[in-house]
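# Remarks on the overall topology
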Amino acid sequence: MQWMMALTLAVLGGTGLLHTGNAQETGRTIEIHARRFSFEPAEITLQKGETVTLKLVSEDVAHSLVIKELGVNREVSKGHDQEVTVTPDKVGDFQGKCGRFCGSGHGSMKLTVHVKE
Ligand SMILES: [Cu+2]
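Since the model is a prediction, treat every value here as computed from it, not as a measurement.

This paragraph deals with the overall build of the protein chain. A tally of regular secondary structure across the protein chain gives one helix and ten strands. Traced from its N-terminal end to its C-terminal end, the protein chain shows the element sequence α-β-β-β-β-β-β-β-β-β-β. Within the protein chain, the proportion of its 117 residues that are buried is 38%. Expressed as a percentage of contacts within the protein chain between residues at least 6 apart in sequence, the contacts between residues at least 24 apart total 67%. Here the protein chain displays about 6600 Å² of accessible surface, and carbon together with sulfur accounts for 54% of that area.

Moving on, we get to unusual backbone geometry. In this structure, the amide linkage connecting R36 to the following residue, F37, adopts the cis form with an omega of 5°. Considering the arrangement of structural elements, one finds F37 in the loop between strand 2 (29-35) and strand 3 (38-40).

Considering the arrangement of structural elements, one finds I67 in strand 6 (residues 63-67). C-alpha of I67 to C-alpha of K97: the two residues are 30 residues apart in sequence and 6.6 Å apart in space. Those residues in contact with I67 that sit more than four places away from it in its chain are L54, V72, F94, Q95, G96, L111 and V113.

Turning our eyes to something else, we now look at the coordination of the copper ion. For the copper ion, the full set of protein donor atoms is C98 (SG), R100 (O), C102 (SG) and H106 (ND1), and the range of their distances to it is 2.1 to 2.5 Å. Positions of the donor residues of the copper ion, expressed as sequence spacing, correspond to C-x1-R-x1-C-x3-H. Judged by its relative accessible area of 16%, H106 is buried.

As a further point, take the environment of K90. Mapped onto the elements of the fold, K90 is located in the loop between strand 8 (82-87) and strand 9 (92-97). A relative accessible area of 23% places K90 in the partly exposed class. Considering only alpha carbons, one finds K90 and K48, 42 residues apart in sequence, at a separation of 6.1 Å.

Next up on the list: the pairing of strand 2. What you see with strand 2 is a clean split: I30, I32 and A34 sit on the buried side and T29, E31, H33 and R35 on the side with no burial. Bridging between strand 2 and strand 5 (residues 52-58) involves six bridges; their strand directions are parallel. The partner of H33 across the bridge, within strand 5, is V57. Taken together, strand 2 and the strand that follows it, strand 3, pair antiparallel across an intervening segment of two residues.

Summing up the model confidence of the protein chain, the mean pLDDT is 87 and the portion of residues at 70 or higher is 78%. Confidence over residues 8-17 falls short of pLDDT 50; this stretch has six contacts with residues more than four positions distant or in other chains.

Turning to the pattern of salt bridges, a few remarks are in order. Taken as a whole, this structure holds six salt bridges when the rule is applied. For R35, the salt bridge goes to E59, with nearest N and O atoms at 2.8 Å. Here R35 is found in strand 2, whereas its partner E59 is found in the loop between strand 5 and strand 6, with 24 residues between them in sequence. Residue class for R35 comes out partly exposed when judged on its relative accessible area of 29%. Judged by its relative accessible area of 35%, E59 falls in the partly exposed class. Across the pair E117 and K48 runs a salt bridge, and its minimum N-O distance is 3.4 Å. On the criterion of sequence distance, the pair formed by E117 in the segment after strand 10 (110-116) and K48 in the loop between strand 4 (43-47) and strand 5 is long-range, its members being 69 residues apart. Given the relative accessible area of 36%, K48 is considered partly exposed.

Reading the values: the criteria
Residues numbered from 1 in each chain as written. Predicted model: local features only at pLDDT ≥ 70, side-chain atom pairs only at ≥ 80, totals over all residues. Heavy atoms only, no water. Helix = DSSP H or I, 4+ residues; strand = E, 2+ residues; numbered from the N terminus. Buried < 20%, exposed > 50% of the residue type's maximum accessible area, 1.4 Å probe, protein only. Contact = heavy atoms within 4.5 Å. Areas by Shrake-Rupley, 256 points an atom, 1.4 Å probe, with all protein chains shown as cover. Donors = N, O, S within 2.8 Å, 3.2 Å for Na, K, Ca; no water. Pairing = 2+ DSSP bridges. pLDDT = per-residue confidence, 0-100. Salt bridge = Lys/Arg side-chain N within 4 Å of Asp/Glu carboxyl O.

Here it is in structure tokens:
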């Protein structure tokens with residue numbers, strides 16, 4: 001089922017607003033640590049039009065980072081860092097969350113993404 005979700009997001013991402021992928025693009029890398037029950041940092045700021053690599057690191061169990069509006073949906077298990085690139089093309093504050101149930105505090109795993117002009 002995961003791949004279907006990824007495919008759906010890829011299709012949605014292709015409709016215009018945003019582009020994500022695994023291309024070897026140079027640019028800023030932001031490391032995001034996931035652990036029960038938070039993301040560290042809990043807030044990041046991106047520039048509109050800037051391609052940034054988000055490096056996901058899990059410190060305990062499997063988590064995922066879902067930022068629906070930026071087309072991000074990536075699972076990360078302990079010891080298997082994941083990189084996902086994102087190029088936001090709209091300004092605003094977007095809410096990321098953990099998409100993989102990881103325990104009682106799962107619902108409080110939030111990541112706020114600010115996209116500036
Ligand atoms: Cu979780």
